[in-house]
Amino acid sequence: MIFVPFSDGRPSGMPVDVLTGFVGVDGEALGRPVGVAIDRAGALLVADDVGNRVWRVGPAAQAATEH
């Protein structure tokens, strides 16, 4: 799964990997993303019909800083 930034309805940057690992080293499908949605918190939900899972992708956790 990739993200392509858009501006004014046109691609404005290079694709960025968001979710990988669906193909094994032998080329066999380990998963197959077949549907995507956004949940109420803004995370990406990806349905995988080979792995029989729904993946939830959110932002990386940020380290807490003390002020």
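Each remark here, short or long, concerns the structure printed above.
Summarised in this report is the structure supplied together with it. (Residues numbered from 1 in each chain as written. Predicted model: local features only at pLDDT ≥ 70, side-chain atom pairs only at ≥ 80, totals over all residues. Heavy atoms only, no water.)

### Points about the overall build of the protein
On a plain count of helices and strands, the protein comes out with zero helices and seven strands. Helices (α) and strands (β) of the protein occur, in sequence order from the N terminus, as β-β-β-β-β-β-β. For the protein, with 67 residues in total, the buried portion stands at 15%. Restricting the contact set of the protein to residue pairs at least 6 apart, pairs at least 24 apart contribute 12%. Accessible surface for the protein amounts to roughly 5700 Å². Of this, 56% is attributable to carbon and sulfur atoms. (Helix = DSSP H or I, 4+ residues; strand = E, 2+ residues; numbered from the N terminus. Buried < 20%, exposed > 50% of the residue type's maximum accessible area, 1.4 Å probe, protein only. Contact = heavy atoms within 4.5 Å. Areas by Shrake-Rupley, 256 points an atom, 1.4 Å probe, with all protein chains shown as cover.)

### Some details on the nonpolar core
Of all hydrophobic cores here, the largest spans five residues; its members are L19, F22, L44, V46 and V57. Not counting chain neighbours up to four residues away, the residues in contact with V46 comprise M1, L19, P33, G35, V36, R53, V54 and W55. (Core = buried A, V, L, I, M, F, W, Y, C linked by side-chain atoms within 4.5 Å.)

### Topic: the pairing of strand β7 (residues 53-57)
Where strand β6 (residues 44-48) lies against β7, five bridges are found, and the strand directions are antiparallel. Paired with L45 across the strands is R56, a residue of β7. (Pairing = 2+ DSSP bridges.)

### Considerations on the pairing of strand β5 (residues 33-38)
Of all six residues in β5, zero are buried, a share of ten percent or less. Where β5 meets β6, five bridges bridge the pair, whose relative direction is antiparallel. Paired with P33 across the bridge in β6 is D48. Taking the residues that link successive antiparallel strands as the turn, the β5-β6 hairpin has five residues, and the phi of G42 there is positive, at about 95 degrees.

### Description of the side chain of D48
Inspection of the secondary structure puts D48 in strand β6. Looking at D48, its side chain comes within polar contact range of the main-chain nitrogen of R32, at 2.8 Å. Excluding its chain neighbours within four sequence positions, the residues that come into contact with D48 are F22, L30, G31, R32, P33, R53 and W55. (Polar contact = N/O pair within 3.5 Å; in protein donor to acceptor, adjacent residues only side chain to side chain.)

### Overview of the sheet that holds β6
If you trace the three strands from one edge of the open sheet to the other, you get β5-β6-β7, paired in antiparallel fashion. The open sheet has two edge strands, β5 and β7, and neither has a second partner. Each strand axis lies, on average, 20 degrees off the axis of its neighbour in the sheet, ignoring direction. (Axes fitted to C-alpha atoms, helices over the stretch in contact; angles between N-to-C directions.)

### Comments concerning the side chain of D39
When you line up the elements, D39 lands in the loop between β5 and β6. A distance of 3.0 Å separates a polar side-chain atom of D39 from the backbone nitrogen of A41. Within the local environment of D39, its side chain forms a polar contact with the side chain of R56, the two groups lying 2.8 Å apart. If we skip the residues at most four places from it in the chain, D39 touches L45 and R56.

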